[in-house]
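An overview of the molecular structure
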Amino acid sequence: MRKTSLFNVISVALGLAFLYLPIVILVIYSFNASRLVTVWGGWSLAWYRELLHDEAMLSAASISLRVAALSATAATVLGTCAAVALTRFGRFRGRLAFSSMVYAPLVMPEVITGLSLLLLFVAVNAGRGFWTIVFAHTTLTMCFVTVIVQARLIGFDRSLEEAAMDLGCPPLRTFLTITLPLIFPAIAAGWMLAFLLSLDDLVIASFTTGPGASTLPIRIYSEVRLGVKPEINAICTIIVAVVALVTAAASLMTKRGAVKRERAAYAAQV
Amino acid sequence: MTATPHRGWGACAVLLVPVLWLVAFFLAPFIIVLKISLSRTAVAQPPYLPVFDLAAGWSGLTSFFAQLTLDGYQLLISDQIYLFSYLKSLQVAAVSTAILLLIGYSIAYGIARAPRRLQPLLVMLVVLPFWTSFLIRVYAWINILQRDGLLNDVLMTLHIVDTPQVWLSSDTAIYIGVVYSYLPFMVLPLYATLEKMDEVLLEAAADLGCPRWKTFWLVTLPLSMPGVMAGVLLCFIPIVGEFVIPDLLGGSDTLMIGQTLWTEFFSNRDWPVASAIAVALLALLLVPIVIYQRLQTRQLEGLR
């Protein structure tokens, strides 16, 4: 018998309140009519309208979205390859070195990664800007994809792959027709995480950016340093809304996928 | 271990492509950082000396090595600013990790003891803010903590304080920001181990007359140690190098090491010293990073 004690309920409730209250307050204040951020002047969409005319912010948003889409796609390909190598190749020489290199960026302080990548770009004389951010973000986010895909690769039944191979299916085809569809939810989740991490990153982008390539976080950061502004509340609210919608859609998708897979597995057993 | 299947060119590419990428964009940059940390600042483009010149051949190589110096590191030791910011970073990371462990453990424990069908929802609610931009979450606290912000309004309405208190630009603000931002990283690994725990053990302890606090201390806590380790490392390591939170919420009198590195690089344009700071910071974090990697490898591969 599982007992839910009052202490447990309170700690979870307080924890969630702590996590959500600041964001809720931010969202509410983005609809504030008053220019003074702390005085409530009634509901208004003024700051959203102002945002529509903020060319610098809009172009920063477009750069950020393009960087995120490109780097997430590259990171998903690289990260999935690394995950397959780590789970399906057994013990190969240099495996420990490889896995340490894969996991290290997960906890590496961003200032170190950013500085080292910038110095690399300077050393090879690469023109800094849009593409250097894409390369930097790919490096940062591929390890997150690896971890997610790896967990899924370990979790599923290998006998399906083995059956295909035993029946003479070549490895590449086995991978494309059996493995890939099975790990697809993890790959999609990995891409999404990579996309959001890239959209979010300030430190590494600041180091590796060049003239004319300000991403949204760089732009927001330079505004925030000057103080709280209602326009910033508005752009933050838009980002929060987009992220919440995408996450909700993704979790619904994977849930439906999971139900379908369970049904298929059940049907196969019967 | 199952027999490894025959590997063709495709399989080699699957391994080689990520390896080459990581060597080029993760390993090579560290070697460059190490090299530049041994260089001298110069008014040039790039702003350091010596510059490696392949065209000069062997003599170029020897003169390159002859010009390397430890000046950057000597400055780190001689100027107290750097030592203080390292200590400050360690202090902030240690204290906030302890607070995170306390809060995170009670949330994770509460979720693991909640009705089964509610658990996925609760976990998603904890993770959701993590998907939201880091910068936005820190910015949200400026709204609340500033002098005429919401926190002072609430405290004054409740007559807890009479005059507006200073919250922003203080260590308290840094701690609030860090704990807020890193909470999901602490809750998730803790929940993962607590959820897997066999409840029969707790019932056995209760049946044998063990009081609940003692059961927690003797059974639950030791069994959740892998989660505690993972959570602590996952928070502690990045917090030491944190830049955004102390920069936006903290005061300007004491800097954390991430800010010092940032200032040396962007404001002072002293690339060798910034590199030396990075190398020293990495050396400081090497042991926890290695422990974390072994934990991660064991966790992901021990499932087999």
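Residues numbered from 1 in each chain as written. Chains lettered and ligands numbered in written order. Predicted model: local features only at pLDDT ≥ 70, side-chain atom pairs only at ≥ 80, totals over all residues.

Considerations on the overall build of chain A
To keep things clear, this is the line we draw: Under the scheme used here, helices are H or I runs from DSSP no shorter than 4 residues and strands are E runs no shorter than 2 residues, and both carry numbers assigned from the N terminus. Exposure in this text rests on C-beta crowding, where 20 or more other C-beta atoms within 10 Å of a residue's own make it buried, 12 or fewer make it exposed, and counts in between make it partly exposed. The C-beta atoms are placed from the backbone. Contact between two residues is assigned whenever their backbone-derived C-beta positions fall within 7 Å.
Secondary structure assignment for chain A yields 11 helices and 0 strands. For the C-alpha atoms alone, the extent of chain A along its principal axes is close to 70 × 60 × 35 Å. Burial analysis of chain A (270 residues in total) assigns 43% to the buried set. Within chain A, counting contacts between residues at least 6 apart in sequence, those at least 24 apart form 79% of the total.

What about the interface of chain A and chain B?
As a reminder of what qualifies: Put simply, Ala, Val, Leu, Ile, Met, Phe, Trp, Tyr, Cys and Pro go in the nonpolar bin, Asp, Glu, Lys and Arg in the charged bin, and everything else, Gly too, in the polar bin.
Listed by partner, the interface residues are 68 residues for chain A and 82 residues for chain B. When contributions to the side of chain A that touches chain B are tallied by element, the ones reaching two or more residues are helix 1 (6–29), helix 3 (55–88), helix 4 (95–107), helix 5 (110–123), helix 6 (130–155), helix 8 (171–200), helix 10 (216–224) and helix 11 (230–269) of chain A. If one sorts the elements of the side of chain A that touches chain B by residue count, helix 1 of chain A sits on top with 12 residues. The residue inventory of the side of chain A that touches chain B, partitioned by class, reads 51 nonpolar, 13 polar and 4 charged.

What about the domain arrangement of chain A?
Residue and element names in this part refer to chain A. Put simply, the rule reads: Domain delimitation in this document rests on an assignment produced automatically or drawn from a domain database.
Parsing chain A into structural domains produces domain 1 (10–44) and domain 2 (55–269). Inter-centroid distance (C-alpha atoms) of domain 1 to domain 2 is 30 Å. Looking at the side of domain 1 that touches domain 2 residue by residue, the class counts come to 5 nonpolar, 2 polar and 1 charged.

Some words on unusual backbone geometry
In this structure, Asn-125 of chain A takes a positive phi of about 60° despite not being glycine. When you line up the elements, Asn-125 of chain A lands in the loop between helix 5 and helix 6. Of note, the phi angle at Ser-169 of chain B is positive, near 60°, even though the residue is not glycine. Relative to the elements of secondary structure, Ser-169 of chain B occurs in the loop between helix 7 (150–157) and helix 8 (171–196).

What to know about the domain arrangement of chain B
Residues and elements named next belong to chain B. The domain boundaries assigned to chain B delineate domain 1 (13–69) and domain 2 (79–301). One C-alpha centre belongs to domain 1, the other to domain 2; they are set 35 Å apart. Listed as interface residues are 9 residues of domain 1 and, on the opposing side, 8 residues of domain 2. At the level of elements, helix 1 (9–37) and strand 1 (40–41) are the ones that each hand at least two residues to the side of domain 1 that touches domain 2.

Let's talk about the environment of Tyr-182 of chain B
Residues and elements named next belong to chain B. As for its position among the elements, Tyr-182 is in helix 8. Classification of Tyr-182 as buried rests on a count of 25 C-beta atoms within 10 Å. Taking C-alpha positions, Tyr-182 is 9.5 Å from Pro-238, a pair spaced 56 residues apart along the chain. With sequence-adjacent residues up to four places away left out, Tyr-182 is seen in contact with Leu-100, Cys-235 and Ile-239.

Let's talk about the nonpolar core
Operational definition: We define the nonpolar core as any set of buried residues of the types Ala, Val, Leu, Ile, Met, Phe, Trp, Tyr and Cys, connected via C-beta atoms lying within 7 Å of each other.
Among the nonpolar cores identified, the biggest contains 154 residues, and Leu-115 of chain A together with Ile-277 of chain B are the most heavily contacted of them. Leaving out residues up to four positions away in the same chain, Ile-277 of chain B has contacts with Leu-76, Tyr-82, Ile-257, Thr-260, Leu-261 and Glu-264 of chain B.

Some words on helix 13 (residues 257–267) of chain B
Most of helix 13 of chain B is tucked away, with 8 of its 11 residues classed as buried. One or two residues past the end of helix 13 of chain B sits Arg-269 of chain B, with phi positive at roughly 50°.

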